[in-house]
Amino acid sequence: MSSILSLRWKKSFYAGLAVLVSCFCSQSFAQTFPNKPVKLVVTYPAGGSSDLMARIMGQKLSEHWGQPVIIESKPGAAGSIGMEFTARQPADGYTFVVGNLGPASVNPLISKVPYSMERDFIPVSLTATGPNILAVPAASPFKNLNDLLTAARNKPDSLNFGTSGPGSMAHLGGELIMRQANIKMTGVPYKGGGLAVNDLLAGQIDMMVSDALPVSQHIKSGRLRALAITSAKRSPMTPDIPTFAEAGLPGLVAVNWWGVFLPAGTPKPVVDAYSSALVKIMANPDLKERFAGLGVEALATSQDEFKAFLASENAKYSKLIADNNIKAE
């Protein structure tokens, strides 16, 4: 009997010792983190909003940590390749990804992706949000949103809108307009948002719901006309563009967003180190100004706030995708 108790005591002792050693190692690791270069994975091609934001963030994190932050470009499959790559990296804090609405929320809803957002990632912080703009060519007869909706109601399926593929924000934006306004239009898919904007400029398509960066310069030059913005309130970056609610279609709010994710299993002290670093750099005036130039607002959230945000986004788009039977091509 005494030998059994002794064995149990030894097992408890060593189990407790293992926990203490693990905690000590994690805390020690976090205190010295990072002590070598860090990889920041970008899921879209160079030159786009995601890439430009990642490079600005990487520069500020490098200054904050005193270590290089190396951009690792892994574009393809609407952002899914970069997410899969990150999920397979060691969970030591030395690789993270800036994920956004597409690969982190929509792609898993419309196709079978080789990763699970719940199983393979730790959401750290939301880092930016940006509204989408409903734009039409300058020569369009639609001077405001009501003109467009009236024409669509009078002739169902007579109007079309450009998208950058199934599940893209341009596609979902068009679907949201149709659902909210009870109208029918035809989506025209392109291989990229830039190609759709080119045809919008040429008058080959009637409209497009686009993120701000590709269309803002053309709105300023007068080649495109903005009818409404998808944010809950007017953007300080485009104060003259009314919200959908102000333009006559209440309830339509849909923002682009970007956030930092770490591979699952990353030690909590390291995750916390990321959280505190992001709170500091995302409040940097230079970073905020440069993000604003891309048409987005820089911010940082707690891990719990980011998780709650992700849950609300997934609920919104799960219903939209199911109701409209949206699938990847």
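Refer to the structure printed above.
1. As for the overall build of the protein chain
Part 1 of the argument: Within the protein chain, the secondary structure is distributed over 13 helices and 10 strands.
Part 2 of the argument: For the protein chain, the C-alpha atoms occupy an extent of roughly 90 × 45 × 30 Å along the three principal directions.
Part 3 of the argument: Out of the 329 residues in the protein chain, the part that is buried amounts to 49%.

2. As for the environment of Ala-308
Part 1 of the argument: Topologically, Ala-308 is positioned in helix H13 (residues 303-323).
Part 2 of the argument: Given the relative accessible area of 48%, Ala-308 is considered partly exposed.

3. Concerning the packing of helix H2 (residues 49-65) against helix H12 (residues 285-293)
Part 1 of the argument: Contact pair H2 / H12: the axes reach a minimum separation of 10 Å and the direction vectors enclose 175°. When the interaxial angle is binned, H2 and H12 end up roughly antiparallel. Residues Met-53, Ile-56, Met-57, Gln-59 and Lys-60 of H2 form the contact with H12, whose participating residues are Asp-286, Leu-287, Arg-290 and Phe-291.
Part 2 of the argument: Of the residues that constitute the contact of H2 with H12, the class distribution is five nonpolar, one polar and three charged.

4. A look at the side chain of Thr-243
Part 1 of the argument: Here Thr-243 lies in the loop between strand E8 (224-229) and helix H10 (244-247).
Part 2 of the argument: On the basis of relative accessibility, which here comes to 3%, the residue Thr-243 falls in the buried class.
Part 3 of the argument: Beyond its immediate chain neighbours, meaning those up to four positions away, Thr-243 contacts Ala-228, Ile-229, Ser-231, Ala-232, Lys-233 and Arg-234.

5. A closer look at the pairing of strand E5 (residues 160-163)
Part 1 of the argument: Neither face of E5 is open: one carries Asn-160 and Gly-162, the other Phe-161 and Thr-163, and all of them are buried.
Part 2 of the argument: Assessed by its sense of winding, the connection that carries the chain from E5 through helix H7 (residues 169-181) to strand E6 (residues 186-189) is right-handed.
Part 3 of the argument: With two bridges connecting them, E5 and strand E7 (residues 207-211) associate as parallel partners. When the bridges of E7 are listed, Phe-161 appears paired with Met-207.

6. Concerning the pattern of salt bridges
Part 1 of the argument: With the rule as written, the count across this model stands at 10 salt bridges.
Part 2 of the argument: Linking Glu-84 and Arg-88 is a salt bridge whose minimum nitrogen-to-oxygen distance equals 2.6 Å.
Part 3 of the argument: The class of Arg-88 is exposed, set by a relative accessible area of 63%.
Part 4 of the argument: Its salt-bridge partner being Arg-290, residue Asp-286 comes within 3.3 Å of it at the nearest N-O pair. With Asp-286 and Arg-290 both in helix H12 and four residues apart, this pair spans about one turn of that helix.
Part 5 of the argument: Given the relative accessible area of 32%, Arg-290 is considered partly exposed.

7. A closer look at the nonpolar core
Part 1 of the argument: The biggest cluster of nonpolar side chains holds 46 residues, and the ones touching the most others in it are Leu-134, Leu-148, Ile-177, Met-185, Phe-261 and Tyr-317.
Part 2 of the argument: Beyond its immediate stretch of four places on either side in the chain, Tyr-317 contacts Leu-101, Leu-109, Met-169, Leu-172, Leu-176 and Ala-254.
Part 3 of the argument: Grouped together as the second largest cluster of nonpolar side chains are 33 residues, Phe-33, Phe-96, Val-124 and Val-270 included.

The rules behind the values
- Residues numbered from 1 in each chain as written.
- Predicted model: local features only at pLDDT ≥ 70, side-chain atom pairs only at ≥ 80, totals over all residues.
- Heavy atoms only, no water.
- Helix = DSSP H or I, 4+ residues; strand = E, 2+ residues; numbered from the N terminus.
- Buried < 20%, exposed > 50% of the residue type's maximum accessible area, 1.4 Å probe, protein only.
- Axes fitted to C-alpha atoms, helices over the stretch in contact; angles between N-to-C directions.
- Parallel < 35°, antiparallel > 145°, perpendicular 65-115°, else oblique.
- Contact = heavy atoms within 4.5 Å.
- Nonpolar A, V, L, I, M, F, W, Y, C, P; charged D, E, K, R; others polar.
- Right-handed = clockwise from strand over helix to strand, strands pointing away.
- Pairing = 2+ DSSP bridges.
- Salt bridge = Lys/Arg side-chain N within 4 Å of Asp/Glu carboxyl O.
- Core = buried A, V, L, I, M, F, W, Y, C linked by side-chain atoms within 4.5 Å.

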